[in-house]
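Here is what each chain is made of, one letter per residue.
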Amino acid sequence: MTQKEALTEYLLRLADSDMILGQRLCELCGKAPALEEEMALMNVALDLVGQARNWYEYAAELIDDGRDADKLAFRRDAHDYRNLLLTEQPNEDYAVTMGRQFFYDAWHYFTLKSLVNASDERVAAIAAKALKEVTYHLRRSSEWVKRLGDGTEESHRRMQDAVDILWRFTGELITPDKTDQLMAEAGIGPDPEQLKEDWRGLVKEVLEEATLTPQPDDAWMYLGGKRGEHTEHLGFILAEMQFLQRAYPDATTW
Amino acid sequence: MYAQLVETGAKRVKSLDEMSPEERAFQEKIDAEVKIEPKNWMPEGYRKTLVRQISQHAHSEVVGMLPEGNWVTRAPTLKRKLQLMAKIQDEAGHGLYLYSAMETLGADRDEEIEKLHEGKAKYSSIFNYPTLNWADMGAVGWLVDGAAIVNQVVLQRTSYGPYSRAMIRICKEESFHQRQGYQILLDMMREGTEEQKQMVQDAINRLWWPALMMFGPHDDESPNSQQSMAWKIKRKSNDELRQMFIDQTVPQLEFLGCTAPDPDLKWNEERGHYDFGEINWQEFYDVLKGNGPCNRERINTRKKAIEEGAWVREAAVAYAKKQKQRAEAA
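Residues numbered from 1 in each chain as written. Chains lettered and ligands numbered in written order. Predicted model: local features only at pLDDT ≥ 70, side-chain atom pairs only at ≥ 80, totals over all residues. Heavy atoms only, no water.

Caption draft 1: View of the overall build of chain B. A count of helical and extended segments in chain B gives 13 helices and 2 strands. By the compact-globule yardstick of 20 Å for 330 residues, chain B fits well, its C-alpha radius of gyration being 21 Å. Buried residues in chain B amount to 57% of all 330 residues. Long-range pairs, those at least 24 residues apart, make up 78% of the contacts in chain B with a sequence separation of at least 6. A total of about 14,300 Å² of accessible surface is found on chain B, and carbon and sulfur atoms cover 51% of it. (Helix = DSSP H or I, 4+ residues; strand = E, 2+ residues; numbered from the N terminus. Rg over C-alpha atoms; globule rule 2.2 N^0.38 Å. Buried < 20%, exposed > 50% of the residue type's maximum accessible area, 1.4 Å probe, protein only. Contact = heavy atoms within 4.5 Å. Areas by Shrake-Rupley, 256 points an atom, 1.4 Å probe, with all protein chains shown as cover.)

Caption draft 2: Expanded view of the interface of chain A and chain B. Listed as interface residues are 52 residues of chain A and, on the opposing side, 49 residues of chain B. Overall, the association of chain A and chain B removes approximately 4,300 Å² of surface from exposure, summing both partners, and the carbon and sulfur fraction of that is 70%. Of the charged contacts in the structure, one is a salt bridge between R109(B) and E36(A), with a shortest N-O distance of 2.8 Å. Of all elements in the fold, only α1 (3–26), α2 (35–63), α3 (69–74), α5 (94–115), α6 (121–149), α7 (153–166), α11 (233–241) and α12 (243–247) of chain A reach the threshold of two or more residues within the side of chain A that touches chain B. Among the elements that line the side of chain A that touches chain B, the one with the most residues is α2(A), at 12 residues. (Buried area = accessible area lost by both parts, 1.4 Å probe. Salt bridge = Lys/Arg side-chain N within 4 Å of Asp/Glu carboxyl O.)

Caption draft 3: Representation of the nonpolar core in the model. Within the largest apolar cluster, 183 residues are counted, with the highest numbers of intra-cluster contacts made by W55(A), Y56(A), Y46(B), W134(B) and W208(B). Looking at which element gives the most residues to this core, the answer is α2(A), with 15 residues. Apart from residues no more than four positions distant in its own chain, Y56(A) is found in contact with L12(A), A15(A), D16(A), M19(A), A69(A), L72(A), A73(A), R76(A), Y81(A) and L78(B). (Core = buried A, V, L, I, M, F, W, Y, C linked by side-chain atoms within 4.5 Å.)

Caption draft 4: Up close: the side chain of D16(A). All names here are of chain A. Checked against the element boundaries, D16 lands in helix α1. Polar side-chain contacts of D16 include one of 2.8 Å to the backbone nitrogen of R82. D16 has contacts with Y56, R76, D80, Y81, R82 and N83, leaving out every residue within four places of it along the chain. (Polar contact = N/O pair within 3.5 Å; in protein donor to acceptor, adjacent residues only side chain to side chain.)

Caption draft 5: Seen up close, unusual backbone geometry. The phi angle at D64(A) is positive, at roughly 50°, despite the residue not being glycine. If you trace the backbone, D64(A) turns up in the loop between α2 and α3. Phi is positive for E33(B), which is not a glycine, with a value near 65°.

Caption draft 6: Region of interest: the packing of aromatic side chains. Under the defined criterion, the tally for this structure stands at 20 aromatic pairs over all chains. Among the aromatic residues, those joined into a cluster by ring pairs are F102(A), F103(A), W167(A) and W199(A). Above the face of the W144(A) ring, R147(A) is positioned so that its terminal group lies 4.6 Å from the ring centre. Sitting over the ring of Y97(B), R169(B) keeps its end group 4.0 Å from the ring centre. (Phe/Tyr/Trp six-rings, centres within 6.5 Å; stacked < 30°, edge-to-face > 60°. Lys NZ or Arg CZ within 6 Å of the ring centre and 35° of its normal.)

Caption draft 7: Here's a closer look at the packing of helix α2 (residues 44–63) of chain B against helix α4 (residues 78–103) of chain B. Residue and element names in this part refer to chain B. Between α2 and α4, the shortest axis-to-axis distance is 8 Å and the interhelical angle comes to 165°. Taken together, the axes of α2 and α4 lie roughly antiparallel to each other. The chirality of how α2 crosses α4 is left-handed. Between α2 and α4, the contacting residues are V51, I54, S55, H57, A58, H59, E61 and V62 on the first element and E91, H94, G95, L98, Y99, A101 and M102 on the second. (Axes fitted to C-alpha atoms, helices over the stretch in contact; angles between N-to-C directions. Parallel < 35°, antiparallel > 145°, perpendicular 65-115°, else oblique. Left-handed = near helix turned anticlockwise from the far one by under 90°.)

Caption draft 8: Representation of a negative patch on the surface. Residue and element names in this part refer to chain B. Residues E103, D108, D110, E111, E114, E307 and E308 make up a contiguous surface patch of negative charge. Of all elements in the fold, only α5 (109–117) and α12 (295–308) reach the threshold of two or more residues within the negative patch. For the negative patch, the element with the most residues is α5, which contributes 3 residues. Of note, E308 is situated in helix α12. (Patch = residues over 30% accessible without salt bridge, like charges linked within 9 Å, V, L, I, M, F, W, Y side chains within 5 Å. Lys, Arg positive; Asp, Glu negative; His and termini not counted. Charge placed at Lys NZ, Arg CZ, Asp CG, Glu CD.)

Interpretation in functional terms is not warranted from these geometric data alone.
Here it is in C-alpha cells:
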C-alpha cells in the first residue's frame, strides 16, 4: 500500500463514519425527547455531514477517477463503505443514541486533535475546523452520559444497558490496522497507542462520574467496518440514503 | 401563514365608548402603534388570543419538521442534505423562540404542547399533507415558506412586542429557505431529466391548493378576524394576504415553466391582480377537523416523541438536582 492509497483509505473512513452517524441522527428528526434536543441533534448531524463532505472532496481528488464527493457518498455499496461499526448501530432509546455519540465523540476528538498537526496541510485544515465542532459534541454527549447515568433509577439502568450493548463496537476505534499504522508513520494520523490511552482514559473518567461500569478492556470486540465488513444495518441505511441516486441514475442535477 | 382561525372570544368588536377606562387606554395605545409589552395591562381576550396564535405558530414550526424529516434521510446530494438539515434546525429554533414569546404571556409551554397532543390546539393545515417526492422539499420551501413569509412580514408590525420581534428574526431565515426551495425546483426544471420535471409539476399540483388554504377562510364575516384586526394582532385580512401571495407567486411559477392546477387562474388587467378559482373549503375544514391525509401520523409522532422522552427529561431534572445539592454541600 502506498502512502497515497493509505491516505485515501483513511479519508474514506473519516468521511464514511461522519456520514453514517449523521444519517442516523437525521432519522431522529421530529422524534427527540425535547425541542432543545431536536435542535442540538440536527446541529451535530449538520456538523458531521459537513465534515464528511470535506473529507469526501479530498478523497475524490486523490482517487481522481471522475467521481465527486456525491458519487462517493451516494453510489458506493456497503462493502466499499469504511465507517466504524459503532456509527451504523440503530438509535434505539436515547441512552443508546447518546452512548454511541459519546464513544464516537471521544474517538473523534482525540483523532482530530492529532490530525490538526498532520504533515498533510489539507488534512490539518479540515481537522482544525472540525475540531471546534467536535469539542462541543464531546462536551454535550459527556454531559448526557452523566445525566442519564446518574439521573433516575430508570435512566441509570438504560444507560448501563447502552454501554453494555455498544461496548463490543468500541474496540474498533482503538485497534489500529495497517492503514492506521501507515498514517501514523507518515505524520498524518494519531499515534495508535496514544489514541488508545486517551480514549480509554476519558471514557473511564466519564463513565465513573456517571456511576456506570465499563466492560473489561479485554472484552470481545467486533471489528470489520474499516475493511468493509459491516453489520446488517448498513445495507438498509444505504438503501434509504442512496435511494434517489440509485433510482434516477441518469439525473445529473438535483 | 402558520396560524389559522384563531379564536378571539369576541362576538363583535366593542366601540371605544363601550370600553372600560383600562380597555380604552389600551386600545388607544394600539391605535397609536405603541407596542404592548409583557408587563403592560392587556385585556384577557387579547392575551388569550395571542397565546393561541403564537402557540399555533410554534406548533406549526415543530410539526412542520416532520414532512421534511420524511426526506432528510433521502436527500439526493450532500449539498441538498445539508441545506435541508439546516432548515430543519432553524425550524426547531423558531419553535423554541416562539414558545418563549408565548411564555411572556404567562402561558406554559408544556401545557400548550399537551393541548396539541390532545387535538385541542391547531397547527397549520398544510403539514397534514404528505411529502411524496423529492421535489416536495423544493415546493414546501417555495410555496409553504413563501405563504408563511407573506403573513409574517405583516406580523413584524403586530402589536405585541415579543411576537413582533420574533417575526423579524424568523422572516430573515424563512426568506432564505424560500429561495433555496425555489432553487431546488428551478435546477430540476432547467437541467433535470423528464422524470425530475414530472416530480416538480406533481409536487406543485398537490401543494398548490393547500398552500392557498394556509391563509385561512374568507374573513369578511368573521368576528375573530375583526377583533384581531382591531387589536392589530392581525394587520391584513386573509383574502388580502392570499391575493398578495398569488400575485407574487404566479410569475415565479411561469418562470419555472410549470402550471398551477387551477383553470381559473389568470391576470385581471382591470383589478391589477390575478383571478383564481374557489378553494375547496370542505377539504380545508375536513383537514382542520383532523381528517387530512397525515393528521394522525403527525400528532402520533409528536406524542410518541414526548412520551418516550419523559424518562430522559426526568433524568435531566434529577441530575440537575443532585448537582445542585452537591454544590451546596461542597
